[in-house]
Structure formats: structure tokens, C-alpha cells
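# Observations on the three-dimensional arrangement
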Amino acid sequence: MSDIVSTLINDNLVALQPYESARRLFAGGQDWLNANESPYANEYSVDSSRFNRYPSCQPAEVVNAYAQYAGVSNNELIVTRGADEGIELLIRTFCTPGQDNILICPPTYGMYAISAQTCNVGVKHAPLNADFSLDVASICATGEVNLVFICAPNNPTGTTVDADDLDRIVRHFSDTALVVVDEAYIEFDKQNSWADKLADYPNLVILRTLSKAFALAGLRCGFTLANAPVIAALMKVIAPYPLAEPVAQIAAQALNAEGKAKIELQVDFINRQKQWLKNTIAALPGFDITGDTRANFVLFRYAQSPALMAYLVEHGMLIRDQSKQLNLQHCLRVTVGNEAQNQRLIALIKAFVQTTGASA
Ligand SMILES: *Cc1c(COP(=O)(O)O)cnc(C)c1O
């Protein structure tokens, strides 16, 4: 059996390691501050009367509601099974396997490279500068690429991008590549969205999701925004039934006036808790806030990060080790949770610092 697998498996998959999602790394724990999920679980209802039918490929209610929310036309948007499916669709639609390349700017979200590798598409790197700004010169000096992925706010650095830098990059690639701006966390940094700039840039693409601010990571619903010809190309490749009927119903509820108002309040609360977490961590001896806090997480550097991480796991407090990412040695990322979780995290960190301080 393993012989036939090793004979048949695609060459590009032999060395590939699956994405180490927070859920794959730790199954247990009581406080999950490791996947940038919302601490809120909002209530929804479903109507089963249509479950005997195949669902709509692009449910009109969801398309209309999100287009209105994002300020784009209905033909400038495609709904997908999470933003992750949008990433894969872009690669499958615009990159020829074994031939084309994407460009990423590490440290950044891991799925761009993994999706490319599963499709046998090459990955070029233009690392962020030391202050996590875009290295425009290096990005523009990269040879031929078909897609450029830029994450803003960036996971895991929490930094946004300079508008002039992004403008130069999108213009540089205007005839050669699509520039994909991943706005998974944009609700926490609203004023920096590029969704209203599609008319200015034919090669601009924007990724969105209901998984973060909208508190629906379990739903698997995301959006790709782009000019109509780009969306029409993606529509050729997307599966006929990417969204289950209950998903479409719940997404439509999340995007109605009441749903959006609720999310706005929750985002305000998370932003205030984030400020508290950031200030409290910054005041701890030996802890340095790293990057910025424009999303729903705080990244910090601490020399004893492996021991602290182990201590937190032992106490059921799961955060995310980012120390293997480029230029993020000794960095841990914590998602802003509810008030009780944030306080428990700080209490545990303080207890750890005291014990190690006492034994040192
Ligand atoms: C969480 C995340 C996604 C994935 O979103 P889904 O809609 O859950 O697939 C995409 N991009 C970034 C930067 C993320 O952090």
C-alpha cells in the first residue's frame, strides 16, 4: 500500500508538510488564544426546508450583502469556502503548475506557500524589512511572478502596509501579475482597506473572511474581491457547490444590519482588550511587543519563549509559537480573548516570570 502511494504521489508533494494549523498542533486545552478566532459565539438559526436541494453556487443573499458591506458591485466578488479557498482558487486559475511562481513577503500567513506547493507552483520570497515594512525594491526586482501576496494587517506581525509602497507595487505589476491584498483582519483596521480602490487598479485582488471579526471560523466562508474579469476567471474554476446551504443561511444572517452592528460592538471590545493586553505585556520585565497590533492579536518577544510556551500549554492556555518564522526568533503570538481569558493569560505569565526569576 505505501509502495503504491510512493510510486504514484506527485513529486511536488513528497517533501510537503501539511499546514500546522492551531487545531492540528493542540487538540486539548481550555483557553484557545492561538488561532486568532473571536471569543464570541453568536447565535444563528437554520431553515432545513431546502436541504434536499443542491445549494446555489453563489447564494444571492450572501453576495448582495457582502458586496454592499465591502462597497463593491455584485460582479466584483466571489464567495468561497473560507479565504483559504480563495487563495487556492487564485493559484489554480492564474498559475500553470511546474512553470509559474507566486511571490510572498515573509514572515507572513503560511497558506500562500502551502497552496502553491500543493499545486506545484513555485514560491519566491521578498522578506519584509526589519521594521516589517514591504521591501518594495526587492519585490519589484523579483523576476516573473503571476501572483503577489501581501497581507495587511499582516499575520503574524500585526503591521499594515504603507499606502505609497502598495501603490508602487500594484502599478509595477500592472501588466504582469495580480497583487492579492489579504484583508482577513481588516475590521480591526478599517481605515486601511483597499476595497474602494478596485477601479484604480485592474490587477488588484482583495481577500476577506467571516472567520475573524465576524466570529465564524467554524462556518468556512470567505470572499475574493476583484475587477469583474478576474472574478469571471475564478468562476470557471470554483466547484459547483462550494458553500453548504446552512453556511449560506448563516452568512446572510451575520451580514444583515443587526449582525453587522453586533460585530462592530465586538470589534470595539476586542480592540480595547487588545490595548490592555499590549500595555500589560509591554510592562513585564524582558517582554517586548513586536510589530504592531492592527489585528486581533499581540506578538511579543521573550528570551525564554520555549519555556513559557510549555508552561502555558501545561496550564491549558494555548497561544501560538511564531519563533520558527523568519526574523521572529523567540516570538509568541496571543489572540485577544474575552476578559477572563486575557486576565488568566497575564496571571499565568506573571506566575511563570516569578518562578523562573526565583530559580535563576
Ligand atoms: C485566518 C486567515 C485566513 C483564513 O481565513 P479562512 O476564511 O478561515 O480560510 C486568511 N488569511 C489570513 C492572513 C488569516 O490570518
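Identification of the protein chain as Histidinol-phosphate aminotransferase from Salinimonas sediminis is taken from an unreviewed UniProt entry. Database annotation for the protein chain, UniProt heading Subunit (unreviewed entry): "Homodimer." Looking at the Sequence similarities (unreviewed entry) heading of the UniProt record, one finds this comment for the protein chain: "Belongs to the class-II pyridoxal-phosphate-dependent aminotransferase family. Histidinol-phosphate aminotransferase subfamily."

## Here we look at the overall build of the protein chain
For the protein chain, the count of helices and strands is 12 helices and 13 strands. On C-alpha atoms alone, the protein chain measures out to a radius of gyration of 21 Å, which is about the 21 Å that the 2.2 N^0.38 rule sets for 360 residues. Along the longest, intermediate and shortest principal axes, the C-alpha atoms of the protein chain span 65 × 55 × 50 Å. The buried share among the 360 residues of the protein chain stands at 51%. Once local pairs closer than 6 in sequence are excluded, the contacts in the protein chain between residues at least 24 apart make up 72%. Counting only carbon and sulfur atoms, one obtains 51% of the accessible surface of the protein chain, whose full area is about 16400 Å². When the 27 positive and 36 negative side-chain charges of the protein chain are each reduced to one mean point, those points stand 3 Å apart.

## Observations regarding the domain arrangement of the protein chain
For the protein chain, the assigned domains are domain 1 (3-39 + 259-352) and domain 2 (54-256). Computed over C-alpha atoms, the centres of domain 1 and domain 2 are 23 Å apart. Contact between domain 1 and domain 2 buries roughly 2700 Å² in total, counting both sides, with carbon and sulfur atoms accounting for 64%. Our count for the contact surface shared by domain 1 and domain 2 stands at 1 salt bridge. In this structure, the salt-bridge partner of Asp-189 is Arg-294, at a minimum N-O distance of 3.1 Å.

## Considerations on the UniProt feature "domain: Aminotransferase class I/classII large" (unreviewed entry) in the protein chain
What UniProt calls "domain: Aminotransferase class I/classII large" (unreviewed entry) maps, in this numbering, to residues 45-347. When the span residues 45-347 is considered, its composition is 37% helix and 17% strand, and the gap between its end C-alpha atoms is 37 Å.

## Quick word on the state of the cysteines
Within this structure, the stated rule accounts for 0 disulfides. Sulfur of Cys-119: no disulfide; nearest cysteine sulfur belongs to Cys-95 and is 8.3 Å away. Residue Cys-119 is classed as buried on the basis of its relative accessible area of 16%.

## Describing the site of the ligand
Every one of the 13 residues lining the ligand counts as a neighbour, but Ala-83, Asp-182, Tyr-185, Thr-209 and Lys-212 are closest to it. With respect to the ligand, the side chain of Tyr-185 contributes an N or O atom lying 2.6 Å from an oxygen atom. Side-chain polar atom of Thr-209 to an oxygen atom of the ligand: 2.5 Å apart, as the coordinates give it. With 3 residues, the top contributor of residues to the shell around the ligand is helix H4 (residues 82-94). By residue class, the composition of the shell around the ligand is 5 nonpolar, 4 polar and 4 charged.

## Regarding the sheet that holds strand E10 (residues 297-302)
Across the sheet, 4 strands lie side by side as E9-E10-E13-E12; this open sheet has antiparallel pairing. Edge strands, defined here as strands with exactly one partner in the open sheet, are strand E9 (287-289) and strand E12 (320-321). Pairing of E12 with strand E13 (residues 331-335) involves 2 bridges; the strand directions are antiparallel. Of the residues in E13, the one forming a bridge with Asp-321 is Leu-332. Here helix H10 (residues 257-282) sits on the sheet in contact with E9, E10 and E13, set at roughly 5° to E10. Strand contacts of helix H11 (residues 305-314): E9, E10, E12 and E13, with the helix running at about 35° to E13, the strand carrying the most contacts.

## Some words on the packing of H4 against helix H8 (residues 228-237)
Interhelical geometry of H4 versus H8 gives an angle of 95° and a closest axis separation of 9 Å. On the basis of their axis angle, the class for H4 and H8 is roughly perpendicular. Contacts from Leu-89, Leu-90, Arg-92, Thr-93 and Phe-94 in H4 reach Val-230, Ala-233, Leu-234 and Val-237 in H8. Residues belonging to the contact of H4 with H8 are distributed by class as follows: 7 nonpolar, 1 polar and 1 charged.

## A word on a nonpolar patch on the surface
Taken together, the side chains of Ile-4, Val-5, Leu-8, Ile-9 and Val-14 present a nonpolar region at the surface, about 450 Å² in accessible area. Within the secondary structure layout, Leu-8 lies in helix H1 (residues 2-8). A residue is classified by how much of its surface remains accessible, and Leu-8, at 60% relative accessible area, is exposed.

## Notes on the pattern of salt bridges
Scanning the model with the defined rule gives 11 salt bridges in all. The salt bridge partner of Arg-344 is Asp-31, with a shortest N-O separation of 2.6 Å. Here the residue Arg-344 occupies a position in helix H12 (residues 339-359), and Asp-31 occupies one in strand E1 (residues 31-32), the gap between them amounting to 313 residues. The salt bridge partner of Asp-292 is Arg-294, with a shortest N-O separation of 3.0 Å. The exposure class assigned to Asp-292 is partly exposed, which follows from its relative accessible area of 25%. When its relative accessible area of 27% is taken as the criterion, Arg-294 is described as partly exposed. Each member of the salt-bridge network shares a partner with another, and the members are Asp-189, Asp-292 and Arg-294.

Rules used in this analysis
- Residues numbered from 1 in each chain as written.
- Predicted model: local features only at pLDDT ≥ 70, side-chain atom pairs only at ≥ 80, totals over all residues.
- Heavy atoms only, no water.
- UniProt positions renumbered as here; feature names shortened; annotations may be inferred.
- Helix = DSSP H or I, 4+ residues; strand = E, 2+ residues; numbered from the N terminus.
- Rg over C-alpha atoms; globule rule 2.2 N^0.38 Å.
- Buried < 20%, exposed > 50% of the residue type's maximum accessible area, 1.4 Å probe, protein only.
- Contact = heavy atoms within 4.5 Å.
- Areas by Shrake-Rupley, 256 points an atom, 1.4 Å probe, with all protein chains shown as cover.
- Lys, Arg positive; Asp, Glu negative; His and termini not counted.
- Charge placed at Lys NZ, Arg CZ, Asp CG, Glu CD.
- Domains from an automatic or database assignment.
- Buried area = accessible area lost by both parts, 1.4 Å probe.
- Salt bridge = Lys/Arg side-chain N within 4 Å of Asp/Glu carboxyl O.
- Disulfide = S-S within 2.5 Å.
- Near = heavy atom within 4 Å.
- Polar contact = N/O pair within 3.5 Å; in protein donor to acceptor, adjacent residues only side chain to side chain.
- Nonpolar A, V, L, I, M, F, W, Y, C, P; charged D, E, K, R; others polar.
- Pairing = 2+ DSSP bridges.
- Axes fitted to C-alpha atoms, helices over the stretch in contact; angles between N-to-C directions.
- Parallel < 35°, antiparallel > 145°, perpendicular 65-115°, else oblique.
- Patch = residues over 30% accessible without salt bridge, like charges linked within 9 Å, V, L, I, M, F, W, Y side chains within 5 Å.

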